[in-house]
Amino acid sequence: GRILLIIIGTTEKSYLFPDEILNIAYSNIKAFMEQPNVKWIMHVGTFDAAFLKCRGINIYPTYDTALAHYCLDERSYVHGLKELARIRLG
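Computed from a predicted structure; not experimentally measured.

Caption draft 1: Representation of the overall build of the protein in the model. Of the regular secondary structure elements, the protein holds five helices and four strands. Starting at the N terminus and walking to the C terminus, you meet the elements of the protein as β-β-α-α-β-α-β-α-α. By its C-alpha atoms, the protein is 45 × 25 × 25 Å across when sized along the principal axes. Relative to its full complement of 90 residues, the protein shows a buried share of 28%.

Caption draft 2: Highlighting unusual backbone geometry. Phi at Val 44 is positive, roughly 60°, even though this residue is not glycine. With respect to the secondary-structure elements, Val 44 resides in the loop between β3 (40-42) and α3 (45-54). According to the relative accessible area criterion, Val 44 is partly exposed, its value standing at 38%.

Caption draft 3: Representation of the nonpolar core in the model. By size, the foremost hydrophobic cluster in this structure holds 14 residues, and its most contacted members are Ile 6, Met 33, Leu 52 and Ile 59. Of all the secondary-structure elements, those providing two or more residues to this core are β1 (5-9), α2 (26-33), β3 and α3. Residues in contact with Met 33, not counting those within four places in the same chain, are Ile 6, Ile 8, Trp 40, Leu 52, Ile 57 and Ile 59.

Caption draft 4: Molecular detail of the packing of aromatic side chains. One pass over the structure, following the stated rule, counts three aromatic pairs. Ring plane angle 5° and centroid distance 6.5 Å describe the contact between Tyr 15 and Phe 17, whose orientation is recorded as stacked. Assessed through its relative accessible area of 14%, Phe 17 is described here as buried. Pairing Phe 47 with Phe 51 gives two aromatic rings, centres 6.4 Å apart and planes at 25°, and the pair type is stacked. Residue Phe 47 and its partner Phe 51 are both found in helix α3; the two are separated by four residues, about one turn of the helix. These aromatic residues form a ring-pair network of at least three members: Tyr 15, Phe 17 and Phe 32. Residue placement shows Arg 55 over the ring face of Phe 51; its charged tip is 3.7 Å from the ring centre.

Reading guide: rules and limits
Residues numbered from 1 in each chain as written. Predicted model: local features only at pLDDT ≥ 70, side-chain atom pairs only at ≥ 80, totals over all residues. Heavy atoms only, no water. Helix = DSSP H or I, 4+ residues; strand = E, 2+ residues; numbered from the N terminus. Buried < 20%, exposed > 50% of the residue type's maximum accessible area, 1.4 Å probe, protein only. Core = buried A, V, L, I, M, F, W, Y, C linked by side-chain atoms within 4.5 Å. Contact = heavy atoms within 4.5 Å. Phe/Tyr/Trp six-rings, centres within 6.5 Å; stacked < 30°, edge-to-face > 60°. Lys NZ or Arg CZ within 6 Å of the ring centre and 35° of its normal.

Take a look at the structure:
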């Protein structure tokens with residue numbers, strides 16, 4: 001597969017990188033994403049990090065909300081972001 005879109009949110013802003021921008025500014029986006037002091041909070045981050053690594057971007061999730069939800073309730077068959085938001089945020 002190919003990366004269609006990367007969305008990164010910070011406390012100040014959100015950044016959206018569609019594939020057209022990724023192709024043009026790959027080295028800048030790679031440098032931004034590989035900053036050593038960044039803490040990545042991701043949903044299914046292990047999968048996404050592995051996918052990005054195959055494309056030359058090395059990030060390491062600090063916290064994975066899907067794994068955290070699984071730890072809270074391993075019996076649940078749904079750990080998707082929409083379902084997690086519905087359950088936890090109403």
